[in-house]
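Read off the chains here:
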Amino acid sequence: MPASRTAPAQLGEPPGSREEAAAFLERVEVRDVLAWTRLLIEPHDAAAVVRALARPPIELRQADLARVIQIARRRKLDIVSALTLAIELPQVPPDARERIQRFLDLRHAAETALEGVRPDLLARMALGGGPEACEQPRARPGDDVVQVGQLRRTMQLLRDEVLASAARIGGRLGELRLDTDLDISHGVVRYMELLKLSALLQRPSGETIQEALADVNARLEAAASPLQREILQTSTLDELLLAGEAELGTRSEAVVRSKIGHREEPSLGPFLPRKGLGLALSASDVETYRSCPLRYKFARVLRIPTAQTLQQRFGIAVHRVLERYHAEGASTLDQMLDLLDDAWRRGGFGDSETERQLREKARTALQCYHARLLAQASEPVWLERSFAFRLGPHQVRGRVDRVDRLPPGEDAEYELIDYKTSRPKDAAQLQDDIQLSLYALAAREAWQLDSSRQAYHYVLDDRKVPVPRDESDMRAVTDAVLEVGEGILAQRFEPTPSQTVCAACDYRLACPVAER
Ligand code: SF4
């Protein structure tokens with residue numbers, strides 16, 4: 001287990017204030033322990049397994065992780081079972097197999113060691129472990145503390161990488177491979193970069209990193225072979241070092257590590273949701289990428305499975321009732337409520353107080369929905385109607401919950417309706433909404449409906465909020481889709497954290513942003 005590198009006394013003391021507790025839970029080593037604890041208790045916890053695989057001592061590459069998740073999805077397995085299978089499969093490279101085997105061995109050892117241990121003691125045990133001794137050059141008087149700290153941290157990470165790559169490359173020397181020279185050159189360059197960081201830490205007082213870099217680079221390049229020189233010159237380490245004090249000082253270890261490790265990462269190209277020359281995109285894909293590209297990568301490229309929350313299951317149940325009600329040609333409120341009973345049984349809801357309240361909420365909402373339906377002059381003509389159309393090189397696809405034909409005299413011929421079971425938003429909050437703009441575009445491009453309007457129906461609050469869209473909105477959403485498509489194809493997945501988005505993100509444990 002990647003045990004804590006922090007003294008037990010520090011970790012063992014319960015944090016005092018709420019801020020201290022939050023800071024404690026943001027620490028890299030605490031989050032590692034949480035991940036291992038969670039995966040030992042619940043092997044279906046994909047975010048925990050993904051974190052344990054991505055972090056030392058396993059450090060499975062992203063492309064291999066994506067491959068394992070693909071195996072899990074195709075064979076309908078949890079990730080741990082898929083890992084057991086993956087080590088037997090020829091499409092999994094030898095290096096990945098070794099890492100997976102290491103993970104399985106560690107997990108087995110932890111399970112055996114913890115047999116019979118009370119769950120409440122598990123975390124405590126896992127938090128134990130001695131600090132890792134690490135000799136580092138002393139800071140010189142006058143040095144910027146943040147900058148020196150960051151250089152040391154980067155050096156520590158790079159040192160770990162050099163040692164790990166030595167074992168990896170050494171293991172491959174005995175194999176018949178065409179790219180052995182390349183592997184060796186990469187290993188040598190990583191060592192040269194370690195020398196570079198050491199030289200920067202010991203540069204003359206008053207000299208900036210930028211000034212020192214030119215000289216250090218020239219000396220290293222003079223000693224390198226042509227291939228090593230090329231690797232050195234295309235390395236992103238200098239860029240990271242020159243990113244500026246503010247950025248360096250706020251980057252978490254995992255972010256710096258991901259920047260360092262990224263240089264040897266194989267492309268995630270094979271795992272992008274391709275369609276022809278472009279991508280297959282939905283409104284929710286575009287919204288997810290715009291809210292945080294890393295979240296998009298977790299959800300749609302790596303495709304880390306997530307467990308449905310009670311609220312999500314509830315939303316699906318309400319959607320199903322409405323769809324079946326219209327599709328089966330039902331007309332009475334009793335029929336609608338019978339469909340709710342059925343959806344409740346099939347949805348596996350229990351008898352807890354929360355579930356009972358949700359069921360009552362759904363009954364009240366359906367009564368309002370039925371009354372509104374009887375009172376309206378428009379007629380539902382399509383339900384769950386799907387669409388697909390080309391936008392630039394991409395294929396945009398989706399499904400509209402309901403399309404009504406409006407009576408003569410209205411401002412449009414059809415109304416596209418999307419059901420929501422979330423809290424209502426008003427027109428101002430929906431100004432930049434992507435989903436209904438795309439639906440409006442789809443109605444024109446895929447269904448050739450020239451005259452339509454669109455609205456969200458907040459079913460639980462019995463509120464319908466029209467979202468008018470004109471030509472400029474169509475152009476804006478076209479630009480947004482093309483921009484998002486370009487970012488995904490270029491594999492730009494830098495996180496853009498914000499309190500609102502991160503609070504609702506299923507990948508917080510796997511995400512390196514929320515840690516110190
Ligand atoms: S936790 Fe925040 S930064 Fe990380 S992936 Fe989720 S939304 Fe992005």
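Residues numbered from 1 in each chain as written. Predicted model: local features only at pLDDT ≥ 70, side-chain atom pairs only at ≥ 80, totals over all residues. Heavy atoms only, no water.

**Some points on the nonpolar core**
Stated precisely, the cut-off is as follows: Nonpolar cores are built from buried Ala, Val, Leu, Ile, Met, Phe, Trp, Tyr and Cys residues. Side-chain atoms within 4.5 Å join them into one set. Note on exposure labels: buried denotes an accessible area under 20% of the residue type's maximum, exposed denotes more than 50%, and partly exposed covers the range between, all computed with a 1.4 Å probe on protein chains only. All domain edges in this entry derive from an automatic or database-based domain assignment. The contact definition used throughout considers only heavy atoms, calling two residues in contact when any of these lie within 4.5 Å.
In terms of nonpolar packing, the biggest core is built from 83 residues, with Leu-53, Ile-79, Leu-83, Ile-100, Phe-103, Leu-438 and Ile-488 touching the most fellow members. Shared between two domains, this core holds at least three residues of each, these being domain 1 (1-136) and domain 3 (310-489). What Ile-488 contacts, discounting residues up to four positions off in sequence, is Leu-272, Leu-279, Leu-281, Tyr-289, Tyr-296 and Phe-493. Grouped together as the second largest cluster of nonpolar side chains are 23 residues, Val-318, Ala-343, Ala-365 and Val-459 included.

**Observations regarding the site of the ligand**
Note the following rule: For this purpose, a residue is taken to be near a molecule or strand whenever a single non-hydrogen atom of the residue falls within 4 Å of it. Here the nonpolar group is Ala, Val, Leu, Ile, Met, Phe, Trp, Tyr, Cys and Pro; Asp, Glu, Lys and Arg are the charged ones; every other residue, Gly included, is treated as polar.
The local shell around the ligand consists of Cys-292, Arg-295, Phe-298, Pro-495, Pro-497, Val-501, Cys-502, Cys-505, Arg-508 and Cys-511. Tallied by class, the residues present in the shell around the ligand amount to eight nonpolar, no polar and two charged.

**A short note on the environment of Leu-237**
Here is the rule: Helix numbering and strand numbering both begin at the N terminus, where a helix is a DSSP run of H or I of at least 4 residues and a strand a DSSP run of E of at least 2.
Structurally, Leu-237 is set in helix H13 (residues 237-241). You can call Leu-237 buried: its relative accessible area is 1%. In this structure the C-alpha to C-alpha distance between Leu-237 and Thr-154, which are 83 residues apart in sequence, comes to 9.5 Å.

**So, the pairing of strand S5 (residues 414-420)**
Selection rule: Pairing between two strands requires that DSSP report at least two bridges joining them. Handedness rule for crossovers: strands pointing away from the viewer, path from the first strand over the helix to the second running clockwise, crossover right-handed.
Counting buried residues in S5 gives six out of seven residues, a clear majority hidden from the surface. Looking at chain direction, strand S4 (residues 394-405) and S5 are connected through four bridges and run antiparallel. Within S5, the residue paired with Val-403 across the bridge is Leu-416. Bridge analysis of S5 against strand S6 (residues 452-458) gives seven bridges, and the strand direction is parallel. What sits directly across from Tyr-414, in S6, is Ser-452. Once the chain exits S5 it traverses helix H21 (residues 435-445) before rejoining the sheet at S6, and the crossover so formed is right-handed.

**Digging into the packing of aromatic side chains**
Rules: The rule is short: rings of Phe, Tyr and Trp, with Trp giving its six-membered ring, pair when the centres are within 6.5 Å, and they are stacked under 30 degrees, edge-to-face over 60, tilted in between. We call a charge positioned above a ring when the Lys NZ or Arg CZ atom is no farther than 6 Å from the ring centre and deviates by at most 35 degrees from the ring normal.
For the structure on display, the rule yields 13 aromatic pairs. Among the aromatic residues, ring-to-ring pairing joins Trp-382, Phe-387, Phe-389, Tyr-414, Tyr-439 and Trp-447 into one connected group. Above the face of the Phe-349 ring, Arg-313 is positioned so that its terminal group lies 4.9 Å from the ring centre. Seen from the ring of Trp-382, Arg-385 lies directly overhead, with NZ or CZ sitting 4.1 Å from the centre.

**Here we look at the confidence of the model for the chain**
In low-pLDDT regions, the fine details of the predicted coordinates are not to be read closely. The condition is simple: pLDDT gives the predictor's per-residue confidence on a scale running from 0 to 100.
Overall, the predicted model of the chain reaches an average pLDDT of 84, with 82% of residues at or above 70. Confidence drops under pLDDT 50 across residues 1-12; counting only partners more than four residues distant or on other chains, this segment forms 34 contacts. Predicted confidence is poor over residues 126-142, with pLDDT under 50, and the contacts of this stretch with residues over four places away or in other chains come to 33 contacts.

**Looking at the packing of helix H3 (residues 28-41) against helix H7 (residues 94-114)**
Selection criterion: Note on definitions: angles span 0 to 180 degrees between N-to-C directions of axes, and those axes are lines fitted to C-alpha atoms, for helices only across the stretch in contact. Angle categories are assigned with fixed cut-offs, so that under 35 degrees is roughly parallel, over 145 is roughly antiparallel, 65 to 115 is roughly perpendicular, and the rest are oblique.
Taken N-terminus to C-terminus, the directions of H3 and H7 make an angle of 75 degrees; their axes are 11 Å apart at the nearest point. Judged by the inter-axis angle, H3 sits roughly perpendicular to H7. Taking contact as the criterion, the partners of Trp-36, Leu-39 and Leu-40 in H3 are, on H7, Phe-103, Leu-106, Arg-107, Ala-110, Glu-111 and Leu-114. Its residues assigned to classes, the contact of H3 with H7 comprises seven nonpolar, no polar and two charged.

**Points about helix H16 (residues 283-291)**
In an α-helix, one turn spans 3.6 residues, which is why side chains three or four residues apart end up on the same side. Residues Ala-283, Asp-285, Val-286, Thr-288 and Tyr-289 constitute the buried set of H16. Residues of H16 that are buried sit in contact with strand S2 (278-281), helix H17 (293-301), S4, H21 and helix H22 (471-489).

**A few points about the packing of helix H19 (residues 333-346) against helix H20 (residues 353-375)**
Basically, it comes down to this: By convention, the crossing between two helices is left-handed when the near helix turns anticlockwise from the far helix through less than a right angle, and right-handed when the turn is clockwise.
The geometry of H19 relative to H20 is characterised by a closest axis approach of 10 Å and an angle of 150 degrees between their N-to-C directions. Classed by the angle they form, the pair H19 and H20 counts as roughly antiparallel. Considering only the axes of H19 and H20, their crossing is right-handed. Mapping the contact onto sequence places Leu-333, Met-336, Leu-337, Leu-340, Asp-341 and Trp-344 in H19 and Glu-355, Leu-358, Arg-359, Ala-362, Arg-363, Leu-366, Gln-367, Tyr-369 and His-370 in H20.

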